[in-house]
Amino acid sequence: MKRYARRKKFKVKKLFILLFTVMLCVMAGKVLHSSLTTPFLGNITHHMASEDHGWNLILVNRENYIPADYEVQLTELSNGKKVDSRIYPELQEMFNAARTQGYGLFVREGYRTQEEQQQLMNEKIEAYENEGKSKSEAKKLAEQWVAIPGTSEHQLGIAVDINADTTKSSRDDVYNWLEENAHTYGFIKRYPSNKTDITGVINEPWHYRYVGKEAASAIYSQGICLEEYIETLE
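Residues numbered from 1 in each chain as written. Predicted model: local features only at pLDDT ≥ 70, side-chain atom pairs only at ≥ 80, totals over all residues. Heavy atoms only, no water.

As annotated in an unreviewed UniProt entry, the protein chain is M15 family metallopeptidase from Anthropogastromicrobium aceti.

See below:
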């Protein structure tokens with residue numbers, strides 16, 4: 001009888017150890033998954049971008065990554081580029097207004113997949129390496145020009161790169177028109193030259209991001225960037 005009791009006690013102890021081991025494995029797996037799905041750069045703390053203020057105000061940058069489950073419904077433009085269907089009416093309205101005033105312009109880049117963004121990054125790194133830069137130097141330089149995959153607004157589908165049709169308009173004319181008028185249609189110049197210290201991105205006069213007409217008007221009139229505007233909502 002005593003022997004039976006000892007065996008039973010041993011089995012219970014063994015079962016407890018097994019369950020405890022399984023729990024540890026599950027917890028370790030979650031930590032590992034988190035480290036794989038959330039990229040890490042230096043000592044920067046990363047978060048998943050939030051839609052708490054609305055889909056149009058989701059803030060994506062080096063500190064805020066696009067959620068893995070983020071979904072986009074796309075509309076294809078006449079030149080084959082794609083954008084989030086929700087911004088298409090205002091984008092078309094803006095282009096119609098510019099063209100009516102004699103400006104020639106087109107969407108050079110719209111939505112990009114994670115894979116396409118990674119390919120751009122790889123190509124930029126390779127280009128710097130071909131110039132004689134070390135791998136680490138090439139990566140650092142490339143990240144000044146190409147958004148790190150998972151942090152590009154193009155992956156949201158609500159940002160576009162707009163170029164001039166130089167047979168009709170100069171680049172400066174188109175960029176100036178956009179800077180003065182885009183907010184009327186809900187778009188902002190996302191990376192102004194005087195906000196690089198905040199956005200972490202150099203001046204990009206071609207990159208416009210949809211935020212909605214109310215937010216765009218406030219950002220334009222106050223001369224602030226999206227990061228600063230979001231802070232006023234917190």
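Moving on from the coordinates now.
Ordered in space as β5-β6-β8-β7, the 4 strands form an open sheet in which the pairing is antiparallel. The strands lining the two open edges of the sheet, one partner per strand, are β5 (105–109) and β7 (187–189). Pairs of neighbouring strands in the sheet enclose a mean axial angle of 40 degrees, with direction left out of account. Of the strands in this sheet, β5, β6 (159–164), β7 and β8 (207–210) are in contact with helix α2 (residues 88–100), which crosses β5 at around 140 degrees. (Pairing = 2+ DSSP bridges. Helix = DSSP H or I, 4+ residues; strand = E, 2+ residues; numbered from the N terminus. Axes fitted to C-alpha atoms, helices over the stretch in contact; angles between N-to-C directions. Contact = heavy atoms within 4.5 Å.)

We now examine the nonpolar core. By size, the foremost hydrophobic cluster in this structure holds 30 residues, and its most contacted members are Leu91, Met94, Ile162, Leu178 and Phe187. For this core, the secondary-structure elements that each account for two or more residues are α2, β5, β6, α5 (171–181) and β8. Here the element with the most residues in this core is α2; it accounts for 5 residues. Ignoring any residue separated from it by four or fewer positions in sequence, one finds Leu178 in contact with Met94, Leu105, Ile162 and Tyr208. Counting residues in hydrophobic clusters, the runner-up holds 12 residues, among them Ala216, Ala218, Ile224 and Tyr229. (Core = buried A, V, L, I, M, F, W, Y, C linked by side-chain atoms within 4.5 Å. Buried < 20%, exposed > 50% of the residue type's maximum accessible area, 1.4 Å probe, protein only.)

In this section: the pairing of β8. Here β8 shows a buried face lined by His207 and Arg209 and a second buried face lined by Tyr208 and Tyr210. Pairing between β6 and β8: 3 bridges, direction antiparallel. From the neighbouring strand, Val160 faces β8, where its bridge partner is Tyr208. One ladder, built from 3 bridges, connects β7 with β8; its direction is antiparallel. Within β8, the residue paired with Ile188 across the bridge is Arg209.

Before going further, it helps to spend a moment on helix α3 (residues 114–130). In an α-helix, one full turn covers 3.6 residues, which means residues spaced three or four apart are oriented alike. Helix length check: α3, at 17 residues, gives a terminal C-alpha distance of 24 Å against a target of 24 Å (1.5 Å per residue), a fit within 8%. All of the buried residues along α3 are Gln117, Met121, Ile125 and Tyr128. For α3, the arc enclosing every buried residue in end-on projection is 70 degrees, short of the 170-degree limit, so these residues lie on one face. Residues of α3 that are exposed and angled more than 90 degrees away from the buried face: Glu115 and Asn130. (Expected span 1.5 Å × (residues − 1). Arc of directions from axis to C-beta.)

The way to describe two aromatic rings as a pair is by their centre distance and the angle between their planes. Within the structure shown, the criterion is met by 4 aromatic pairs. Judged by centre distance (6.1 Å) and plane angle (40 degrees), the rings of Tyr103 and Trp177 are tilted. Note that Tyr103 is positioned in the loop between α2 and β5 and Trp177 in helix α5, a separation of 74 residues in sequence. Overall, Tyr103 belongs to the partly exposed group, its relative accessible area being 26%. Among the residues examined, Trp177 registers a relative accessible area of 4% and is labelled buried. Relative to Tyr210, the ring of Phe187 lies with its centre 5.2 Å away and its plane at 70 degrees, an arrangement referred to as edge-to-face. Note that Phe187 is positioned in strand β7 and Tyr210 in strand β8, a separation of 23 residues in sequence. One aromatic cluster is present, formed by Trp55, Phe187 and Tyr210 through successive ring pairs. Positioned above the aromatic ring of Trp55 is the side chain of Arg86, whose terminal nitrogen or guanidinium carbon lies 4.0 Å from the ring centre. (Phe/Tyr/Trp six-rings, centres within 6.5 Å; stacked < 30°, edge-to-face > 60°. Lys NZ or Arg CZ within 6 Å of the ring centre and 35° of its normal.)

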